[in-house]
Amino acid sequence: MLIPCPWCGEREETEFHYGGQAHVAYPDDPSAVDDAGWAAYLFVRDNSKGWFAERWLHRAGCQRWFNAVRHTVTYEIAAAYPPGATRPVIG
Amino acid sequence: MSGWQVTPRLPDHPNFLWAEAEPKPAYDVVVVGAGGHGLATAYYLAKEHGITNVAVVERGWLGGGNMARNTTIIRSNYLWDESAGIYEHALKLWEGLEAELDCSIAFSQRGVLNLAHSLGDVREGRRRVNANQLNGIDAQWLGPEDVQKLAPIIDISTDVRYPVLGATYQPRAGIAKHDWVAWGYARAAHALGVDLIQGCEVTGLRREGERVVGVDTARGPIRAGRVALAAAGHSSVLLSTLGIRLPLQSYPLQALVSELLDQVLDTVVMSNAVHVYVSQAHKGELVMGAGIDSYVGYGQRGSFSVIEHQMAAAVELFPIFARAHVLRTWGGIVDVSPDASPIVGLTPYAGLYVNCGWGTGGFKATPGVGSVFADTIAHDRPHPLAAPFTMERFATGALIDEHGAAAVAH
């Protein structure tokens, strides 16, 4: 799989480290979160069969994090964008 | 006309092991998924609990998922008491399974070695041996020379990247022929009255209030007193329709076989550190498992780099493998939980039970989880051996971390 780093362009997947689902926000008020809420934040992620926004680190390249929207069945990558940017609308 | 006239014809089909059923409007229990776990669950529901008005519905074909893709290793040398309970229960059932099902499953207790390549591995391995022995599980610690006695083709020289510093050894571990296990359970369940329905995808769960009362399928709705999910990663997809999010991620896990070779290895060898586990099938293929891809995926293939990495490690450990040819590689989708332990038991909805999250190690548990899941469904409470494996443990913190014993990097 070739992954398009927003800064370096397409590179082989072995250069990257996977960071799981993107856009999972840290709780706004941590002291107000109960056990079930922490379990959901720590452990529960979407298990999408289809388009999935996820985090990648270009470990063997520029060593910068970014997000990509990838299809988990075809592995097509529709978009790669810097952290903090809004997820593009895909499909 | 004179002389013999020969009409070419094929030989008769051998007797079918089970008959395909049409879905009835309602059952006492509908089991979703006709893999090993679903079939075993149906069998024990009928055999042990007298619940025979049961359907197993399968979107593909019977035993066609990871039951047909795994590397068939059976062992119970996990670290924690909870795991020892369920995996050792399974191993004891494996030991009587050919008689129980009245068919051969080519169960071969040839032992398993889990290699240690670093001081950390050695400490962890010794700790696991001690834990196993306290749980009554046969486990030994072996030094490099004893490892080589059991598997003479292993290179135990010290000047390699991953030297063999020792191994845990479970003599009662082994392998079985996975297809035959699925077919054996299917035949025995069918003989007890269970309907096996293939090509029937479950598309949704029917509920009335807080109770699940059936399933929607590609061939119409089926009412059910109880619904038992044994659909691996797709269990999380079905549960999400009820607003239940399971802490599961699905990844491709790869395996490969070589061409047929003379017998060179009569035990199972696993290495956690270099992600290779190998046994030699009865026919002679070397059966090798690799690691999982690092990223979520449902494509039943997997990264080439994973196979490349695994082959490099295998050839270093077993130098004679360098002359073997890969016959084929394949991938299955494994549903992995955060603590590398399964989720088995009740759900927030009455009449709905779930069994999933077995990750890379579900095959070995087949008889054990079938029996405890059936008992859980029949009595509507967790079987004592299933009780620790609830989905609530992620909130209470009572995790059962088996990343070390699961033997595949998660």
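Residues numbered from 1 in each chain as written. Chains lettered and ligands numbered in written order. Predicted model: local features only at pLDDT ≥ 70, side-chain atom pairs only at ≥ 80, totals over all residues. Heavy atoms only, no water.

### Describing the packing of aromatic side chains
Inclusion rule: Two rings from Phe, Tyr or Trp (for Trp, the six-membered ring) form a pair when their centres sit within 6.5 Å of each other. Planes less than 30 degrees apart are called stacked, planes more than 60 degrees apart edge-to-face, and all others tilted. A positively charged side chain is recorded as over a ring if its NZ (Lys) or CZ (Arg) lies within 6 Å of the ring centre. The angle to the ring normal must also be within 35 degrees.
Taken as a whole and assessed by the stated rule, the structure comprises 18 aromatic pairs over all chains. An aromatic cluster of three or more residues is present, and its members are A:Phe16, A:Tyr18, A:Trp56, A:Phe66, A:Tyr75 and B:Tyr295. The side chain of A:Arg45 reaches across the aromatic face of A:Tyr41, ending 5.9 Å from its centre.

### Observations concerning empty space enclosed by the protein
Residues and elements named next belong to chain B. Put simply, the rule is: Buriedness for pockets is judged along seven lines, at least five of which must meet protein on both sides within 12 Å for an open set on the 1 Å grid over protein atoms alone, while cavities are sets there where a 1.4 Å probe fits but cannot get out, and lining residues have an atom within 4 Å of a point. Grid points are joined across faces, edges and corners, and a volume is the space filled by probe spheres set on the points. Polarity classes work like this: nonpolar for Ala, Val, Leu, Ile, Met, Phe, Trp, Tyr, Cys and Pro, charged for Asp, Glu, Lys and Arg, and polar for all others, with Gly in that last group.
Under the definition given, this model contains two cavities of 30 Å³ or more. Considered as a void within the structure, the largest cavity measures approximately 60 Å³ in volume. In this structure, the largest cavity is lined by 12 residues; those nearest its centre are Ala-340, Trp-358, Thr-360, Gly-361 and Ala-406. In terms of residue class, the lining of the largest cavity is built from five nonpolar, seven polar and no charged. Size it by volume and the second largest cavity reaches roughly 50 Å³. Every residue along the wall of the second largest cavity is listed here: Leu-256, Ser-258, Leu-286, Met-288, Met-311, Phe-321, Ala-324, His-325 and Val-326.

### Observations regarding the pairing of strand β1 (residues 26-32) of chain B
Residue and element names in this part refer to chain B. Selection rule: Exposure categories follow from relative accessible area, calculated using a 1.4 Å probe and restricted to protein chains: below 20% of the type maximum is buried, above 50% is exposed, and the middle band is partly exposed. Put simply, DSSP H or I for four residues or longer makes a helix, DSSP E for two residues or longer makes a strand, and each gets a number counted from the N terminus. A strand pair is defined by DSSP finding two or more bridges across the two strands. Assignment of crossover handedness uses the view with strands pointing away from the viewer, where a clockwise path from the first strand over the helix to the second indicates a right-handed crossover.
Counting buried positions along β1 gives five out of seven residues, so the element sits mostly inside the fold. In this sheet, strand β11 (residues 220-229) lies alongside β1 in parallel orientation, the contact comprising six bridges. Within β11, the position partnered with Val-32 by the bridge is Leu-229. One crossover worth recording links β1 to the parallel strand β2 (residues 54-57) by way of helix α1 (residues 36-49), and it is right-handed.

### A closer look at the environment of A:Asp28
All names here are of chain A. Here Asp-28 shows up in the loop between β3 (17-21) and α1 (35-43). For Asp-28, a relative accessible area of 84% translates into the label exposed. Counting along the chain gives 27 residues from Asp-28 to Met-1, while the straight-line C-alpha distance between them is 36 Å.

### Topic: the domain arrangement of chain B
Residue and element names in this part refer to chain B. Using the following cut-off: Residue ranges assigned to the domains are those given by an automatic or database domain assignment. Buried area counts how much accessible surface, traced with a 1.4 Å probe, disappears from two parts once they are put together, with both parts' losses summed. Just to be clear on terms, a salt bridge is a Lys or Arg side-chain nitrogen sitting within 4 Å of an Asp or Glu carboxyl oxygen. N or O atoms closer than or at 3.5 Å make up a polar contact, with two conditions inside protein: a donor-capable atom paired with an acceptor-capable one, and, for residues adjacent in sequence, both atoms drawn from side chains.
The domain architecture assigned to chain B consists of domain 1 (27-69 + 179-247 + 339-405) and domain 2 (112-171 + 249-336). Placing the centre of domain 1 and that of domain 2 at their C-alpha centroids yields a distance of 29 Å. For the pairing of domain 1 and domain 2, the buried interface totals around 1,100 Å² over both sides, and the portion due to carbon and sulfur atoms is 47%. Across the domain 1-domain 2 interface, the total number found is zero salt bridges. Between domain 1 and domain 2 we count six residue pairs in polar contact (both at pLDDT 80 or more) in total. When its residues are assigned to classes, the side of domain 1 that touches domain 2 shows five nonpolar, seven polar and one charged.

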